[in-house]
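# Per-entry structural report
Okay, here's what each chain looks like letter by letter:
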Amino acid sequence: MQIDKTIALVSGGGSGLGAATARYLAEAGARVAILDFDGERAAAVARSIDAFAVRADVSDEAEVDRAIEDVAGHFGSSPRIAISCAGIGAAARIVGREGKTSFDVFDRTLKVNLYGSYHVMTHAARRIMELEPLAGGERGVIINTASVAYQDGQLGQAAYAASKGAIASLCLPAAREFSRFGIRVMAIAPGLFHTPMMEGLPEEVAAEITNNIPFPDRLGLPEEYAMLAGQIIANPYLNGTTIRLDGAVRLPPR
Ligand code: NAD
């Protein structure tokens, strides 16, 4: 699908991978909407690229539905591209010290990462279905963000890995379901990227992480995630699968 002049929604666009993707799409001529829980950061990114910002919590279905309605109202048409980058990554053992369980972390992580992506996909897709098809019968593209933890979940990542595994698993059935409308569904599973999520780590922990990355032996750049999102949008034959973007890293057990 052509990016130029196409309306694109990016959740989590106020920071990190989402902000880089919003910038990339705006530079490629898309009309970009940023949906984020953090309204101020979303507005700041939006101002810098002449995009539209809308505040919503992706874990709340009604808020997502309303936010996409606002985007459609602003641009005069619904977005054909919906990219979910909103996510959280709290670590917790399933059963911690002294038998302390962590269902609260599991519940919150699935609500934001999995249900959040599901809500954005659902409410974007139901609107894309109503749009006229473009060349080749294509109507839209949905990209969700998994993580390499969907395959290499580390100790303490049970909740995060479960949320990302489900995102990878729903890609194919969603692509199959939406195929008759010409809507593609893809997922990107990033390795370790240089975003605010990572910047908080102590230097020695960051160095240990980088040592495990074969090549390039550095953290991924948010622009590299954005570039893959752009390539997925452009290539009509990419559908129903999850792409690891990771410099060949395989996460060790801990
Ligand atoms: P980030 O923290 O820089 O950005 C995440 C954005 O999502 C923030 O702007 C935040 O306000 C927003 N957000 C969080 N909860 C939300 C909610 N409930 N509703 C709406 N917005 C919400 O993170 P990032 O590193 O850019 O990560 C983006 C995605 O990529 C996440 O899903 C993350 O799990 C995934 N990922 C990141 C890495 C990495 O190394 N950075 C690796 C693998 C996967």
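This text follows the structure it describes.
Now for a description of the structure that goes with this document.

Analysis parameters
- Residues numbered from 1 in each chain as written.
- Predicted model: local features only at pLDDT ≥ 70, side-chain atom pairs only at ≥ 80, totals over all residues.
- Heavy atoms only, no water.
- Helix = DSSP H or I, 4+ residues; strand = E, 2+ residues; numbered from the N terminus.
- Near = heavy atom within 4 Å.
- Polar contact = N/O pair within 3.5 Å; in protein donor to acceptor, adjacent residues only side chain to side chain.
- Areas by Shrake-Rupley, 256 points an atom, 1.4 Å probe, with all protein chains shown as cover.
- Nonpolar A, V, L, I, M, F, W, Y, C, P; charged D, E, K, R; others polar.
- Pairing = 2+ DSSP bridges.
- Axes fitted to C-alpha atoms, helices over the stretch in contact; angles between N-to-C directions.
- Contact = heavy atoms within 4.5 Å.

### Quick word on the environment of A125
On the secondary structure map, A125 appears in helix α4 (residues 103-128). Sequence separation between A125 and R139 is 14 residues, and the spatial gap between their C-alpha atoms is 9.5 Å.

### Considering the site of the ligand
Taken together, 30 residues lie near the ligand, and S15, D36, Y160, F193 and T195 sit nearest. In the model, an oxygen atom of the ligand is placed 2.7 Å from a nitrogen or oxygen of the F193 main chain. Within the complex, the protein chains bury 93% of what would otherwise be the 830 Å² of accessible surface of the ligand. Only α1 (16-27), α6 (158-178) and α7 (196-199) provide two or more residues apiece to the shell around the ligand. Ranked by the residues each element gives to the shell around the ligand, the list is headed by α7, at three residues. Its residues assigned to classes, the shell around the ligand shows 16 nonpolar, nine polar and five charged.

### Quick look at the sheet that holds strand β5 (residues 140-145)
Pairing in this open sheet of seven strands is parallel, and the strands run β3-β2-β1-β4-β5-β6-β7 from one edge to the other. Edge positions in the open sheet fall to β3 (52-55) and β7 (242-245), since each of these has one partner strand only. With direction set aside, neighbouring strand axes in the sheet form an average angle of 20°. Of the strand pairs in this sheet, β5 and strand β6 (residues 183-190) are connected by six bridges, and their pairing is parallel. Residue I143 lies in a different strand from β6, and its bridge partner there is M186. Set on the sheet, helix α3 (residues 61-75) makes contact with β1 (7-11), β2 (31-36) and β3; between it and β3 the angle comes to about 160°. Packed on one face of the sheet, α6 meets β5, β6 and β7 and runs near 165° to β6.

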